[in-house]
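# Structure at a glance
Residue strings, one per chain:
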Number of protein chains: 2
Amino acid sequence: MSGPFAAPGTHAEIEEGLVLMPRFGADGLIAAIVVDDASGDVVMVAWMNEEALAKTIETGEGWYWSRSRKELWHKGATSGHVQTVTEMRVDCDQDAILIRVVTAGTGANCHTGRKGCFYRRVPIGQKPASELALEPTGDDPLFDPKAVYGG
Amino acid sequence: MSGPFAAPGTHAEIEEGLVLMPRFGADGLIAAIVVDDASGDVVMVAWMNEEALAKTIETGEGWYWSRSRKELWHKGATSGHVQTVTEMRVDCDQDAILIRVVTAGTGANCHTGRKGCFYRRVPIGQKPASELALEPTGDDPLFDPKAVYGG
C-alpha cells in the first residue's frame, strides 16, 4: 500500500499498539460509524477508502467513499451539511472508525433529509417472517431531498 | 434467497417502506453497530449473516457471524457476556443494523476485555503520516481475556 498509513502489523500491534494501521477490506474500504456530537446518537454508517480517511483526518471534516456513485464524497458539498469531526476513534482490530460530528445547515446527516439514517425500528422477540413490519421512530425529514438533490 | 426476510424491493420500498428487507452484501453479511444501552456509547461493530440476524430478532440476544472464525457466534457463549437487545433499528438503505444492548457479566463487549472496542483516539487536524500515534482513552480491561479464551 503506497498511502499515508502504516501497513497492518502483528495481532498485538493492531490491538494494543498506539500506531494507526487501518485494515481496509478487500474492496479497499473501512466502515465509518458516525455519531451526532450533541445527542450521542448514531446517525449514519458510511465507508471510507484510504483517501477519504486521510482527508477526514487532515481536514477534520467528514469524507467518504460513495459505494453507489463510486466516487470520493465530501459530505455536505451538495447539501451544505458539512460534518465537523470532534473526535475519531478506531476499534480493536482497526477495521472500523468511529467519529463524532457537528453537522452544518439543518443538521441532517441522512440523504432522506432526516437527522440520522436509523428512523425505523425492527421489533424484537418474534420469529421473523417475510413481511416483518418496521416501526417509524418519528424522525421526520429536516429538509426536502428532492429540492436539494433533484427529483 | 430462501431465508425468512423479504427480498430487497424498489428504492422507495427500501428507504421509506415499513417492511424489513435487509440488504446483505456480496459476502452475505450486514454491518451491525452495537450501542451500550446504559451509556449510549458505540461499543462494537460486528457482522450478521441472515441466520444471525434472524436469531437476534427471535431470541432478543446478540448473534453474529465471525468473519475470523467463519462461524455463527452467540456473543457471550464462551465469556458469559450475553447481550440482551433492548432496541433494533435499520438504516435508510437497509444495509446496516443498529442495536442497543445490556451486556451480562462484567459488561464487557470487546474480546480484549474492555467495555467497548473503541479504546483509542485518532488525532484530527494533521496530515496523516505513516506513524500516526493513537491516544488511549483510558478504557481498561474489565476481565482477563487470556483467562477466558486461553492464552
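Residues numbered from 1 in each chain as written. Chains lettered and ligands numbered in written order. Predicted model: local features only at pLDDT ≥ 70, side-chain atom pairs only at ≥ 80, totals over all residues. Heavy atoms only, no water.

The next thing to look at is the interface of chain A and chain B. Taken together, the contact pairs 60 residues of chain A with 60 residues of chain B. When chain A packs against chain B, close to 5000 Å² is buried across both sides, 59% of that on carbon and sulfur atoms. Of all residues in chain A, A:Phe118, A:Arg120 and A:Ile124 bury the most surface against chain B, accounting for 14% of the area lost on that side. Counting every contact that joins chain A to chain B gives ten salt bridges. Taken together, chain A and chain B are joined by 39 residue pairs in polar contact (both at pLDDT 80 or more). When contributions to the side of chain A that touches chain B are tallied by element, the ones reaching two or more residues are helix 1 (11-16), strand 1 (30-36), strand 2 (42-48), helix 2 (50-59), strand 5 (83-90), strand 6 (96-103) and strand 7 (120-122) of chain A. Ranked by residue count, the leading element in the side of chain A that touches chain B is strand 5 of chain A, at five residues. Taken together, the residues of the side of chain A that touches chain B sort by class into 34 nonpolar, eleven polar and 15 charged. By the bridge criterion, three bridges tie strand 5 of chain A to strand 7 (residues 120-122) of chain B in an arrangement that is antiparallel. Of the residues in strand 7 of chain B, the one forming a bridge with A:Arg89 is B:Arg121. (Contact = heavy atoms within 4.5 Å. Buried area = accessible area lost by both parts, 1.4 Å probe. Salt bridge = Lys/Arg side-chain N within 4 Å of Asp/Glu carboxyl O. Polar contact = N/O pair within 3.5 Å; in protein donor to acceptor, adjacent residues only side chain to side chain. Helix = DSSP H or I, 4+ residues; strand = E, 2+ residues; numbered from the N terminus. Nonpolar A, V, L, I, M, F, W, Y, C, P; charged D, E, K, R; others polar. Pairing = 2+ DSSP bridges.)

UniProt records the feature "domain: Phosphoribosyl-AMP cyclohydrolase" (unreviewed entry) for residues 44-119 of chain A in the present numbering. Helix makes up 13% of residues 44-119 of chain A and strand 38%. Its end C-alpha atoms lie 11 Å apart. (UniProt positions renumbered as here; feature names shortened; annotations may be inferred.)

What follows concerns the UniProt feature "binding site: Zn(2+)" (unreviewed entry) in chain A. Under the feature "binding site: Zn(2+)" (unreviewed entry), the UniProt entry names A:Cys92, A:Cys110 and A:Cys117. Taking the farthest pair of C-alpha atoms as the criterion, the annotated set spanning 26 residues is dispersed, since that pair is 27.3 Å apart. If you trace the backbone, A:Cys110 turns up in the loop between strand 6 and strand 7. Structurally, A:Cys117 can be placed in the loop between strand 6 and strand 7. Setting aside residues no more than four positions away along its own chain, A:Cys117 makes contact with A:Val43, A:Met44, A:Cys110, B:Val90, B:Asp91 and B:Cys92.

All right, on to the sheet that holds strand 8 (residues 135-136) of chain A then. Pairing is mixed across the open sheet formed by six strands, whose spatial order is 8(A)-7(A)-5(B)-6(B)-1(B)-2(B). With one partner strand each, in any of the chains shown, strand 8 of chain A together with strand 2 (42-48) of chain B form the two edges of the open sheet. Here seven bridges tie strand 5 (residues 83-90) of chain B to strand 6 (residues 96-103) of chain B, and the two strands are oriented antiparallel to one another. Across the sheet, residue B:Glu87 finds its bridge partner in strand 6 of chain B, namely B:Arg100.

Let's shift gears to the sheet that holds strand 8 (residues 135-136) of chain B. The six strands lie next to each other as 2(A)-1(A)-6(A)-5(A)-7(B)-8(B), forming an open sheet whose pairing is mixed. The sheet is open, and its two edges are formed by strand 2 of chain A together with strand 8 of chain B, each paired on a single side.

Let us look at the layout of surface pockets. In this structure, the second largest pocket encloses a volume near 310 Å³. Considering the residues around the second largest pocket, the lining is formed by 16 residues, among which A:Asp41, A:Val42, A:Phe118, B:Arg89 and B:Leu98 are closest to the centre. At the level of secondary structure, the elements contributing two or more residues to the lining of the second largest pocket comprise strand 2 of chain A together with strand 5 and strand 6 of chain B. Its residues placed into classes, the lining of the second largest pocket shows five nonpolar, four polar and seven charged. (1 Å grid on protein atoms, 1.4 Å probe; cavity = no way out; pocket = protein on both sides within 12 Å on 5 of 7 lines; lining within 4 Å. Points joined across faces, edges and corners; volume = space filled by probe spheres on them.)

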